[in-house]
Structures are given as structure tokens and as C-alpha cells.
Amino acid sequence: SIGYGTVHDTKKQKMKKIIIIIALIAILSVFILRNKIKKASEELDYGIAPGFKVTNFTFGQSKMVLPFWVNNPTDLNLTISNIKMEVFINNIFAGNIIVDKVYKLNANGKSIVPLSIEIDNVSAMNILMNISQYLNSDDWRSKVNISVRGTARLESGFIYLSSLPIKADGSY
């Protein structure tokens, strides 16, 4: 019975070693994938696309869509979600963007993410008064600067970055 216990103990030790090796490989894989996603996030190129439009205008609020382009030059398919940003037009606070949808950013591809903004009409009038001086100019669109600042969640598979900072400026 002593010999049997020794063989049984040896099998247990081998099984523990195998489990430890598998756990270490899994941890190392997660670490490598997380670093790859972090590097991919640094390679993303993004900005404000043409096509800003008002989709609804009521007595109290206006709803607008701001197209946001994203170029993913990496070999990873990524998804972006939990977008939370503030929008400024010519340095005047316009409103908040909160997007709960998930958008796919294809590997080596470009995507458009439509960002919906709700702005109260008092702020909208303030912004219109600010930019009205440019409206008679032929190049008025180049004088209307739209800025967004905020964060989003970026993921690939089950690995993610929860607070990817986003900062973009562009002309209308």
C-alpha cells in the first residue's frame, strides 16, 4: 500500500504541475492580448467626419448626429462601446454624448460611428450667435470647430480597455 500511495501522490503532483503550467500560459496570454489591444488603441486614428446634421428640433431641445470616423490599421477586429463624451462647438459646451451601442471596428478598415447629441435650445442659440459672424463667409464651415472629449471601452474578444481616452477636433 505504500507503493500505491507514492504512485498516487506522483500523479497528483504531475496534475498540479500541469494545472499550474496551464494557468501560467492563460495569464501570460491575457497579458499579451491586453498589451496588443493597448498598442492597437494607440494606432487608431479618428476624427469628426462630414455630415453633421440636426435630426429633430423641438421647443426645448435639438437632436443632432455627429459622424465620427475611426480608422483601425491593426490586424485586430475591435469593438467600441460605452462612449461618454462632451461636445464643444467653437469652445462652447454643446452637450453630452452617451452611446450604449456596440460598434465593430474591422481590422485594417475604416468605420463611421454615429454619435447622437441632445442639446438644449438655449445652448444652441448661444452657439448660433457665436458662429453667426462666419455664416456670410464662403468658407464658414472651416470656422466652425467641433471638439469632442471623453472615454470609451475598446475590446477584442474577452480582453478590453475600459477607459480609452478620446479627443478629437474638426471643422464642420
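Per chain, residues are indexed from 1 in the order of the written sequence. Per-residue local features of the predicted model are confined to residues with pLDDT of at least 70, and side-chain atom pairs are confined, for both listing and counting, to 80 or more; whole-chain, interface and lining totals are unaffected and use all residues. Only hydrogens and water are set aside; all other atoms, that is, all heavy atoms of the structure, feed into the side-chain values.

Here we come to unusual backbone geometry. At Asn-90, a position not held by glycine, the phi torsion is positive, near 50°. Structurally, the position occupied by Asn-90 is in the loop between β4 (78-89) and β5 (92-99). Residue Asn-90 is classed as buried on the basis of its relative accessible area, which comes to 14%. Secondary structure elements follow DSSP: runs of H or I of four or more residues count as helices, runs of E of two or more count as strands, with numbering from the N terminus. For each residue, the accessible area found with a 1.4 Å probe, counting protein chains only, is set against the maximum for its type, and the residue is called buried under 20%, exposed over 50%, and partly exposed in between.

Our next topic: the environment of Ser-156. Relative to the helices and strands, Ser-156 resides in strand β8 (residues 145-156). The class for Ser-156 is buried, based on a relative accessible area of 18%. Taking C-alpha positions, Ser-156 is 8.9 Å from Arg-34, a pair spaced 122 residues apart along the chain. With sequence-adjacent residues up to four places away left out, Ser-156 is seen in contact with Ile-37, Leu-76, Asn-77 and Leu-78. Contacts are assigned to residue pairs that have any heavy atoms within 4.5 Å of one another.

Our focus in this paragraph is the pattern of salt bridges. Only one rule defines a salt bridge in this text: a Lys or Arg side-chain nitrogen within 4 Å of an Asp or Glu carboxyl oxygen. If you walk through the whole model with that rule in mind, you get five salt bridges. The residue Lys-36 makes a salt bridge to Asp-75 at a minimum N-O spacing of 3.9 Å. Pair noted here: Lys-36 is in helix α1 (residues 2-43) and Asp-75 is in the loop between β3 (61-72) and β4, with a separation of 39 residues, a long-range link. Classification of Lys-36 by relative accessible area gives partly exposed; the value is 38%. The closest approach of N and O atoms between Glu-155 and Arg-153, which form a salt bridge, is 3.0 Å.

A few words now on a nonpolar patch on the surface. A contiguous nonpolar patch, built from Met-15, Ile-18, Ile-19 and Ile-22 and spanning about 400 Å² of accessible area, is present on the exposed surface. With respect to the secondary-structure elements, Ile-19 resides in helix α1. Note on patches: the residues involved have over 30% relative accessible area and no salt bridge, like charges join within 9 Å, and the nonpolar side chains Val, Leu, Ile, Met, Phe, Trp and Tyr join within 5 Å. Surface accessibility in these figures is a Shrake-Rupley result with a 1.4 Å probe; residues are shielded only by whichever protein chains are displayed.

Attention now moves to the packing of aromatic side chains. Aromatic rings considered in pairs are described by the distance between their centres and by the relative angle of their planes. Only rings of Phe, Tyr and Trp enter the pairing, Trp through its six-membered ring, and a pair is recorded when the two centres are within 6.5 Å. The plane angle decides the type: under 30 degrees is stacked, over 60 is edge-to-face, the rest tilted. This structure, assessed with the given rule, holds two aromatic pairs. By definition here, charges over rings are those cases where NZ of Lys or CZ of Arg is within 6 Å of the ring centre and within 35 degrees of the ring normal. Here the basic side chain of Arg-153 rests over the ring of Tyr-160, its NZ or CZ set 3.7 Å away from the ring centre.

Further remarks concern helix α2 (residues 121-131). Burial in α2 covers these residues: Asn-121, Ser-123, Ala-124, Ile-127 and Ile-131. Taken around the axis of α2, the buried residues stretch over an arc of 155°, which confines them to a single face. Facing away from the buried side of α2 by more than 90 degrees, the exposed set consists of Val-122 and Met-129. Residues adjacent in sequence count toward polar contacts only when both atoms are side-chain atoms; beyond that, a polar contact is any pair of N or O atoms within 3.5 Å, and within protein one must be able to donate a hydrogen and the other to accept it. The opening residue of α2 is Asp-120, an N-cap whose side-chain oxygen sits 3.2 Å from the backbone nitrogen of Val-122. Within this analysis, the arc is defined by the directions that extend from the helix axis to the C-beta atoms.

Before going further, it helps to spend a moment on the side chain of Asn-72. Structurally, Asn-72 is set in strand β3. The exposure class assigned to Asn-72 is buried, which follows from its relative accessible area of 1%. In terms of polar contacts, Asn-72 uses its side chain to reach the side chain of Thr-74, at 2.6 Å. Each residue touching Asn-72, except ones within four places of it in the same chain, is listed here: Leu-44, Leu-78, Leu-105, Asn-106, Ala-107, Asn-108 and Gly-109.

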